[in-house]
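# Chain and residue survey
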Amino acid sequence: MNQATLANLLASTANQTDSFIRLEIIFVVLLSIAALVAYFSRRLRHLPYTVALVLVGGALTFISGETISFGANFGDIILLLLVPPLIFEATLHIKWEALRRDLLPILLLALVGSLVGAFLVAWPVSYLLGFAPLAAFTFGALMSATDPVAVISFFRGLGVSQRLALLIEGESLFNDGVAIVLFTVALGIGEAMSNGAAETFQFNQALLQFIRVAGGGLLIGITSGYIVSTVILKQVDDHLIETATTVALAFGSFVLAEQFHLSGILAVVAAGIFVGNIGSQNTSPTTQIALNNFWEFLAFTANSFVFLLIGLQTHINDMVQIVPKIGVAIVAVLVSRAIIVYGLTALNNRFNRLGRIPPHFQHVMFWGGLRGAISLALAVKLAESPDILGGTVTSDILLMTFGVVLFTLLAQATTLTSLLRRLGLTRKPTHVMEKERQQGQLLAKRAGKAMLDKLYHEGGLAREVWQAMAVVYDDEIAHSSHGLITHLQNYAELKQQMVMQARHETLKAERSALAEALRRGLIGEEVYRELVEYTDNRAAALTILQHSQDENDNNRQPAAGSGP
Amino acid sequence: MNDIICATRGGQGSRAVRTRAVALARETGLPLLFIFVVDLHHLNEPDKLLAEPLRQEAYWLGRVMLEIARQQAESAGLQAEVVIREGFMREELVRILQQRRAYRLLLGAPRRASVSVFGDDAIEQFAQEIEQETGIPTEIVHPETTP
């Protein structure tokens, strides 16, 4: 190796080191900003954390007069680095039973809603702003998906009902896969047209491509999720290895699907649901705690970066120049969302009476249709190839996307809490919270008393000390017990809820007892399967009854289940 | 015969209606009967696989609710009869009222403060229909009326 080559190599290494250090500094600064914003937004309470991040990012860009460069494309950072762990973490908490119950409306909104939504947004954009149909449809495709990152991060903090959160999260998790496919199809047509290779849109081909991309992505996710859940998580009992494997799964399933030009996001969704439902059952309690803690931290970090980056990439000065166009885009997106949500839920309620979506849920689903990182990432990707749709139109689409995203975050997200409160959907009712509080206190005190007795019987306590402490504990237990009984008398329906909760627990215990009996050889595989199926069906039936009861309580309809 | 029939389901007005039924039974010395109707018609054709488990589970919950009612009566020094019926709520209530030539039917209503006018009307209408069909007085008990 001659001297010149060595110098080049050293210079190149030094440059690489510099860029790594620069990246590290950016990482540290962003994480520090995120932690500060999180701290202050928790104190302010009225301002959602995600919105605060966007505002801080936007303010920094506005003050500095330029957007930050990361040495990589903004769209790639969002789509390839930050979205997979966020989606994976979100799906880990989705229970298949609950998802299955509302799968029809979720898929209706995700599939039909996204497709119809793209056209509904495209039409006014084309008619009023004079965009070419393909450009307008590309913008419609960008806007058709509610963003899981924006939606989930927001709904987590609000404590809305699990079913409402699942409906909105489920739709947002599945529909961005559809939006990305629609966007890719539109771009493909645009590229072909600009090369003079195609002049007409072929619906059949687009549909086939959609089925291939979405189905293939789901298949990769299911397969990889199955392997990790049944091989690694079942066979290995080491929380560090198991946690590392889930990280590899989250990114691996995404990358693998993308390599085959399939939907990486749907692959992550399927893998996450698999691990959350099957894999977690195959792990020890220690691993479950480690997994939850790790993914909670990773999601917090990725989520913070996503919204901070949105703020940092916002071109306020450029946006001001096309305010009317952004206004048209916002109205188009809102009207299209209203038509989709109210129209498709009406259709669902007509044919799926068991899974009806009450009107106040529909209002939240309409106003909670936030747009975020995925729309922006796709718009930035579009801006990388301005020749496809034309430079001015591409620039307009990028700025309009930023405008709509900012509107949904600053206007919709900030007023969603008020809407939920007006509709009586935030948190649980006070009397339910009070029951839980009293029940929790009673359980805690009983556990304390049990430990006290154990300590005494094991010889760890002097008799006098045990007796004195036991008297105080018994007194507290009696007090708590009396408080709970009185509360249940005032709110009789809570007793019914308690019966149903306890029934869920006893059915779980019955199932565990069957597994134990099988393990000890008291019953064979065939009987075990038969009895487990019976128990599972009873549990599913109980959930339906509970669901129906909740719906009756919410709707207060004179159905057979209501009344006395 | 001439029973006091108290329909129970476990909703907001359940304790109030049970308390009123127990008080009425003590006041009149008439036998007290608690009824729970397993009515799954509002579920509107659930999954066939789950039809039987749903029925079994609803029965299971009904037995628990009736046991709660029976214990409440027992703690007031009364021996109450408990019955589970299956079918349409209204039809089953009418049937048992006629079979027992009941003295009165007691129905629990939801809390007034938390309920819409529509909900109040519905239970009133429900009670009126039963009363017209059987000629047996039907009383609606609200949770607020019981201490």
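All values derive from a computational prediction rather than experimental measurement. (Residues numbered from 1 in each chain as written. Chains lettered and ligands numbered in written order. Predicted model: local features only at pLDDT ≥ 70, side-chain atom pairs only at ≥ 80, totals over all residues. Heavy atoms only, no water.)

Turning our eyes to something else, we now look at the overall build of chain A. Within chain A one finds 21 helices and 0 strands. Per-residue burial for chain A yields a buried fraction of 48% across its 564 residues. Counting only contacts in chain A whose residues sit at least 6 apart along the sequence, the fraction spanning at least 24 positions is 82%. (Helix = DSSP H or I, 4+ residues; strand = E, 2+ residues; numbered from the N terminus. Buried < 20%, exposed > 50% of the residue type's maximum accessible area, 1.4 Å probe, protein only. Contact = heavy atoms within 4.5 Å.)

So, about the packing of helix α3 (residues 74–92) of chain A against helix α16 (residues 373–384) of chain A. All names here are of chain A. For the pair α3 and α16, the least separation of the axes is 7 Å and the interaxial angle reads 140 degrees. Comparing their axes, α16 and α3 come out oblique. In this structure, α3 crosses over α16, and the sense of that crossing is left-handed. Packed against α3, whose contacting residues are F74, G75, D76, I78, L79 and V83, the element α16 presents A373, I374, L376, A377, L378, V380 and K381 at the interface. Its residues assigned to classes, the contact of α3 with α16 comprises 10 nonpolar, 1 polar and 2 charged. (Axes fitted to C-alpha atoms, helices over the stretch in contact; angles between N-to-C directions. Parallel < 35°, antiparallel > 145°, perpendicular 65-115°, else oblique. Left-handed = near helix turned anticlockwise from the far one by under 90°. Nonpolar A, V, L, I, M, F, W, Y, C, P; charged D, E, K, R; others polar.)

All names here are of chain A. With respect to the element layout, V125 can be found in helix α5 (residues 103–129). Here V125 falls in the buried class, since its relative accessible area comes to 0%. Separated by 10 residues in the primary sequence, V125 and A135 place their C-alpha atoms 9.1 Å from one another. Setting aside anything within four residues of it in sequence, one finds V125 in contact with G130, F131, A136, F139 and M400.

Residues and elements named next belong to chain A. For chain A, mean pLDDT is 82; residues scoring 70 or higher make up 87% of the total. Per-element averaging of pLDDT across chain A places helix α7 (residues 148–156) at the bottom with 64 and helix α14 (residues 323–351) at the top with 92. Below pLDDT 50 for its whole length, residues 555–563 participates in 29 contacts with residues either more than four positions away or in separate chains. (pLDDT = per-residue confidence, 0-100.)

Another point: the sheet that holds strand β3 (residues 81–86) of chain B. Sheet strands pair via backbone hydrogen bonds, and the direction of the pair is either parallel or antiparallel. Residues and elements named next belong to chain B. In spatial order, the strands read β3-β2-β1-β4-β5; together these 5 strands make up an open sheet with parallel pairing. Edge positions in the sheet fall to β3 and β5 (138–141), since each of these pairs with one other strand and no more. Sheet twist, expressed as the average angle between the axes of neighbouring strands with direction ignored, equals 25 degrees. For strand β2 (residues 32–38) and β3, the ladder comprises 6 bridges, and the chain directions are parallel. From the neighbouring strand, V37 faces β3, where its bridge partner is R85. Of the strands in this sheet, β1 (4–7), β2, β4 (104–108) and β5 touch helix α1 (residues 14–28), which is tilted by about 155 degrees from β4. (Pairing = 2+ DSSP bridges.)

The description of two helices packed together rests on the angle between their axes and the distance between the axes. Residue and element names in this part refer to chain A. In contact at an axis separation of 4 Å, helix α19 (residues 463–490) and helix α20 (residues 492–519) are set at 110 degrees when each is read in the N-to-C sense. By the angle class used here, α19 and α20 are roughly perpendicular. Contacts from L484, H487, L488, Q489 and N490 in α19 reach A492, L494, K495 and M498 in α20. The residue inventory of the contact of α19 with α20, partitioned by class, reads 5 nonpolar, 3 polar and 1 charged.

So, about the pattern of salt bridges. Taken as a whole and judged by the stated rule, the model has 26 salt bridges over all chains. Between D536(A) and R511(A) there is a salt bridge, and its shortest N-O distance comes to 2.8 Å. Here D536(A) is found in helix α21 (residues 525–555), whereas its partner R511(A) is found in helix α20, with 25 residues between them in sequence. Among the ionic contacts, a cluster of salt bridges with common partners joins R503(A), E510(A), R538(A) and E57(B). (Salt bridge = Lys/Arg side-chain N within 4 Å of Asp/Glu carboxyl O.)

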